[in-house]
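# Overview (structure and organization)
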Amino acid sequence: MSLRLGDTAPDFTVDTTAGKISFHEWLGDSWGFFFSHPADFTPVCTTEMGRTAQLKDEFSSRNVKSLGLSTDTVAEHEKWILDVNDTQNTTLEFPIVADADHKIAELYGMIHPGESETAAVRSVFIIDPNKKIRLTMTYPMQVGRNFDEILRVIDSLQLGDAKRIATPADWRPGDEVIIPPSISNEEAKDIFPQGWNEVRSYLRLTKVD
Ligand code: BEZ
């Protein structure tokens, strides 16, 4: 059974480039961005690792810890990080899981045998401070991920949790947000004293700070 939204992210203890970590303990009160790669020393993966390192301040300002995974050893990862830093002009500091035996990749459903029996596809798990899985995305091996979208989803989830809102298609921070149907107009008056634009009874748009 694959992992679903709302499931508790499975815990594990594993060797990484930052030493042994126990996932839940390592996450602490942070959000998690856990993402897998097919293999070290491959071109698309190298750009993705570099992009994650370049976005370090964007992740930390959102209280998000990044954790990469590829099905190679710590020794291989360490050599690869030198290449990532060199070619992507960055300094990679987040840990990369050494998953040469595929244990964690299997646990998280990152191996899709129709694509490869041995290498992980590009899975993304966004995990909240309660260790619940809040987003999953799966990209094929040939397609590098869109990191603007990863940050956008984190912004939407965090704003949604704080303000009890949902976000429309292509929402960007600062845009109007949606009052969910689960909130009645009566309740909405207290939660959104700024009011709202009722396009339909089920489509109410408002602004939040
Ligand atoms: C890559 O990361 O460049 C890659 C890995 C596996 C298949 C295709 C591309």
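In this text, all values refer to a predicted model and were calculated from it rather than measured experimentally.

Cut-offs applied
- Along every chain, residues carry numbers that run from 1 in the direction the sequence is written.
- pLDDT decides what is reported in this predicted model: residues at 70 or higher carry local features, side-chain atom pairs at 80 or more are listed and counted, and totals for whole chains, interfaces and linings draw on all residues regardless.
- To obtain the side-chain values, all non-hydrogen atoms of the structure were used and water was disregarded.
- Helix numbering and strand numbering both begin at the N terminus, where a helix is a DSSP run of H or I of at least 4 residues and a strand a DSSP run of E of at least 2.
- Note on classification: 1.4 Å probe, protein chains only; a residue is buried when its accessible area is under 20% of the maximum for its type, exposed when over 50%, partly exposed between these limits.
- Any pair of residues with heavy atoms lying within 4.5 Å of one another is described as a contacting pair.
- By definition, two strands form a pair when at least two bridges between them are found by DSSP.
- To get an axis, a line is fitted to the C-alpha atoms, and for a helix only the part in contact is used. The angle between two axes follows their N-to-C directions and goes from 0 to 180 degrees.
- We define a salt bridge as a contact between a side-chain nitrogen of Lys or Arg and a carboxyl oxygen of Asp or Glu at a distance within 4 Å.
- Summary of the distance rule: residues count as near a molecule or strand when at least one heavy atom falls within 4 Å of that molecule or strand.
- Nitrogen and oxygen atoms within 3.5 Å of one another constitute a polar contact, given that in protein one can donate a hydrogen and the other can accept it, and given that sequence-neighbouring residues count only through two side-chain atoms.
- Here, Shrake-Rupley sampling with a 1.4 Å probe gives the accessible areas, and only protein chains in the shown set may cover a residue.
- In this count, Pro and Cys sit with the nonpolar residues alongside Ala, Val, Leu, Ile, Met, Phe, Trp and Tyr, while Asp, Glu, Lys and Arg are called charged and the others, Gly among them, polar.
- Stacked, tilted and edge-to-face pairs are distinguished by plane angle, under 30 degrees for stacked and over 60 for edge-to-face with tilted covering the rest, among Phe, Tyr and Trp rings (Trp via its six-membered ring) whose centres lie within 6.5 Å.
- Start and end positions for the domains come from either an automated domain assignment or a database one.

## What to know about the overall build of the protein
Each helix and strand in the protein was counted, giving 7 helices and 10 strands. Over its C-alpha atoms, taken along the principal directions, the protein stretches across nearly 60 × 40 × 30 Å. Considering the protein as a whole, with its 209 residues, one finds that 46% of them fall into the buried category. Put simply, 64% of the contacts in the protein that link residues at least 6 apart link residues at least 24 apart.

## Concerning the sheet that holds strand β10 (residues 203–206)
Reading across from one edge, β8-β10-β9 is the order of the 3 strands in this open sheet, with antiparallel pairing throughout. Edge positions in the open sheet fall to β8 (177–179) and β9 (197–200), since each of these has one partner strand only. Neighbour-to-neighbour, the strand axes of this sheet turn through a mean angle of 40°, independent of strand direction. As defined by bridge partners, β9 adjoins β10 across 3 bridges and the pair is classed as antiparallel. Within β10, the position partnered with Glu198 by the bridge is Arg204.

## Things to note about the pattern of salt bridges
By the definition in use, this model includes 14 salt bridges. Arg62 serves as the salt-bridge partner of Asp155, at 2.7 Å between the closest nitrogen and oxygen. Separated by 93 residues along the polypeptide, Asp155 in helix α6 (residues 147–163) and Arg62 in the loop between α3 (56–61) and β4 (64–70) bring together distant segments of the chain. Arg62 sits in the buried class, given a relative accessible area of 15%. Close ionic contact of Asp101 with Lys103 constitutes a salt bridge, the shortest N to O distance being 3.9 Å. On the basis of relative accessibility, which here comes to 60%, the residue Lys103 falls in the exposed class. Through salt bridges with shared partners, a single ionic network connects Glu48, Arg122 and Arg145.

## Examining the site of the ligand
Neighbouring the ligand are the residues Pro38, Thr42, Pro43, Val44, Cys45, Arg122 and Met141. Thr42 has a polar side-chain atom sitting 3.0 Å from an oxygen atom of the ligand. Between the ligand and the protein, one listed contact pairs an oxygen atom with a side-chain N or O atom of Arg122 at 2.9 Å. Here the ligand loses 76% of its free accessible area of 260 Å² to cover by the protein chains. Tallied by class, the residues present in the shell around the ligand amount to 5 nonpolar, 1 polar and 1 charged.

## Quick notes on the packing of aromatic side chains
Counted according to the given criterion, the structure contains 11 aromatic pairs. Ring geometry for Phe12 and Tyr108: centres 6.0 Å apart, planes at 85°, overall edge-to-face. Within this pair, whereas Phe12 is found in the segment before β1 (13–16), its partner Tyr108 is found in the loop between α5 (103–107) and β6 (122–127), the two being separated by 96 residues in sequence. Taking 6.4 Å as the distance between ring centres and 20° as the angle between the ring planes, the aromatic pair formed by Phe23 and Trp26 counts as stacked.

## Here we look at the domain arrangement of the protein
Along its sequence, the protein is organised into domain 1 (13–147) and domain 2 (164–206). Computed over C-alpha atoms, the centres of domain 1 and domain 2 are 35 Å apart.

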